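# Inside the fold
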Amino acid sequence: MPQTTIRTLTPSETAAALPALAEILSDCVEGGASVGFMSPYAAEDAMPYWKGVARAVSGGETVLIVAETDSEILGTVQLGIATMPNQPHRADLKKLLVHRKARGLGLSRLLMDAAEDEAAKRGRHVLVLDTATGSPAEAIYEKFGWQRVGVIPQYALMPDGSYCGSTFFYKALGAL
Ligand SMILES: CC(C)(COP(=O)(O)OP(=O)(O)OC[C@H]1O[C@@H](n2cnc3c(N)ncnc32)[C@H](O)[C@@H]1OP(=O)(O)O)[C@@H](O)C(=O)NCCC(=O)NCCS
């Protein structure tokens, strides 16, 4: 049985993980996921984005979580905590990404559970995310107990350039 570990990365661990994270993001975009970037999108194209994430981790603005199976990073999620001063209790869930070769093994559930734990530790009890309408992720968030708020049509583009809507969700950790 492969061993899966979920870890929250320090700034130095983030720097070491950049090539693996770039490979995962490239794989997701090339697999047709609307996650911010257009196809074609090679791993090297993803490095500037991840270097920005690394700066945000160093600055305490982002919590970066990875899933490793047999020491290979195959999934990731981020918690954005650089909220405005009037939202100290809120966080943004971002970039839940699992490499195609590791899908269907439960990594996204482990990553989302870990993100909720990290949010709770920081007193962030209102979590928000958006995802491409009609994507597999949309169904998964509902399964994980997120509340669907609504859809904004033509919010973004798919990697092939066609429009896609975004569905917004929130999750409260505890009673609101
Ligand atoms: C969405 C994504 C992260 C799911 O990752 P995953 O590790 O394969 O998901 P899991 O194996 O943890 O599955 C979680 C649950 O969703 C279900 N599920 C998995 N794939 C599914 C799909 N395509 N459609 C519907 N349900 C699905 C699983 O059965 C599981 O349910 P269970 O816990 O009741 O058994 C992955 O498909 C991905 O990286 N997609 C591309 C990037 C993306 O769109 N990310 C979202 C950005 S907001």
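This report concerns the structure included in the present document. Quantities reported herein were computed from a predicted structural model and do not represent experimental measurements.

Rules of the game
- Residues numbered from 1 in each chain as written.
- Predicted model: local features only at pLDDT ≥ 70, side-chain atom pairs only at ≥ 80, totals over all residues.
- Heavy atoms only, no water.
- Phe/Tyr/Trp six-rings, centres within 6.5 Å; stacked < 30°, edge-to-face > 60°.
- Buried < 20%, exposed > 50% of the residue type's maximum accessible area, 1.4 Å probe, protein only.
- Salt bridge = Lys/Arg side-chain N within 4 Å of Asp/Glu carboxyl O.
- Pairing = 2+ DSSP bridges.
- Helix = DSSP H or I, 4+ residues; strand = E, 2+ residues; numbered from the N terminus.
- Axes fitted to C-alpha atoms, helices over the stretch in contact; angles between N-to-C directions.
- Contact = heavy atoms within 4.5 Å.
- 1 Å grid on protein atoms, 1.4 Å probe; cavity = no way out; pocket = protein on both sides within 12 Å on 5 of 7 lines; lining within 4 Å.
- Points joined across faces, edges and corners; volume = space filled by probe spheres on them.
- Nonpolar A, V, L, I, M, F, W, Y, C, P; charged D, E, K, R; others polar.
- Near = heavy atom within 4 Å.
- Polar contact = N/O pair within 3.5 Å; in protein donor to acceptor, adjacent residues only side chain to side chain.
- Areas by Shrake-Rupley, 256 points an atom, 1.4 Å probe, with all protein chains shown as cover.
- Sits in = over half its atoms within 2 Å of the grid points.

The full count for this structure, using the stated rule, is 6 aromatic pairs. An angle of 20 degrees between the planes, with centres 4.7 Å apart, marks the rings of Phe-37 and Tyr-41 as stacked. Using a relative accessible area of 21% as the deciding quantity, one classes Phe-37 as partly exposed. Taking relative accessible area as the criterion, Tyr-41 reaches 7% and is therefore assigned buried.

Moving on: the pattern of salt bridges. Taken as a whole, this structure holds 9 salt bridges when the rule is applied. Here Glu-118 makes a salt bridge to Arg-122, at a shortest N to O gap of 2.5 Å. Residue Glu-118 is classed as buried on the basis of its relative accessible area, which comes to 8%. With a relative accessible area of 37%, Arg-122 lands in the partly exposed category. Through salt bridges with shared partners, one network takes in Arg-7, Glu-13 and Glu-68.

What follows covers the sheet that holds strand β1 (residues 4-8). Strand order in the open sheet formed by 7 strands is β1-β2-β3-β4-β5-β7-β6, with mixed pairing between adjacent strands. Single-partner strands in this sheet number two, and they are β1 and β6 (147-157). Mean inter-strand twist for the sheet, computed between neighbouring axes without regard to direction, equals 25 degrees. The pairing of β1 with strand β2 (residues 62-69) spans 5 bridges and is classified as antiparallel. Bridging across to β2, Ile-6 finds its partner in Ala-67. Against the sheet, helix α1 (residues 11-30) contacts β1, β2, β3 (72-80) and β4 (90-98), and its axis sits at roughly 95 degrees relative to β3.

Turning next to the layout of surface pockets. In this approach the atoms are scanned with a rolling probe the size of a water molecule, which exposes any empty space left behind. Taken as a whole, the largest pocket holds about 1,000 Å³ of empty space. Contributing to the lining of the largest pocket are 42 residues, with Val-35, Leu-96, Thr-131, Ala-137 and Tyr-141 lying nearest its centre. With 7 residues, β4 is the largest single contributor of residues to the lining of the largest pocket. A per-class count over the lining of the largest pocket returns 25 nonpolar, 12 polar and 5 charged. Residues that form the lining of the second largest pocket fall into these classes: 7 nonpolar, 3 polar and 1 charged.

So, on to the site of the ligand. Taken together, 21 residues sit near the ligand, with Leu-96, Val-98, Gly-104, Gly-106 and Ser-108 positioned nearest. Between Val-98 and the ligand, the recorded distance is 2.8 Å, taken from a backbone N or O atom to an oxygen atom. Take Leu-105: an N or O atom from its main chain is 3.3 Å from an oxygen atom of the ligand. Here the ligand loses 72% of its free accessible area of 940 Å² to cover by the protein chains. The cavity that encloses the ligand is the largest pocket.

Below, the discussion takes up the pairing of strand β5 (residues 126-132). Burial of β5 is extensive: 5 of the 7 residues sit out of reach of the surface. Across 3 bridges, the pairing between β4 and β5 is parallel. Across the sheet, Arg-90 pairs through a bridge with Val-126, a residue of β5. Pairing of β5 with strand β7 (residues 163-172) involves 7 bridges; the strand directions are antiparallel. Bridge pairing links Val-128 to Tyr-170 in β7.

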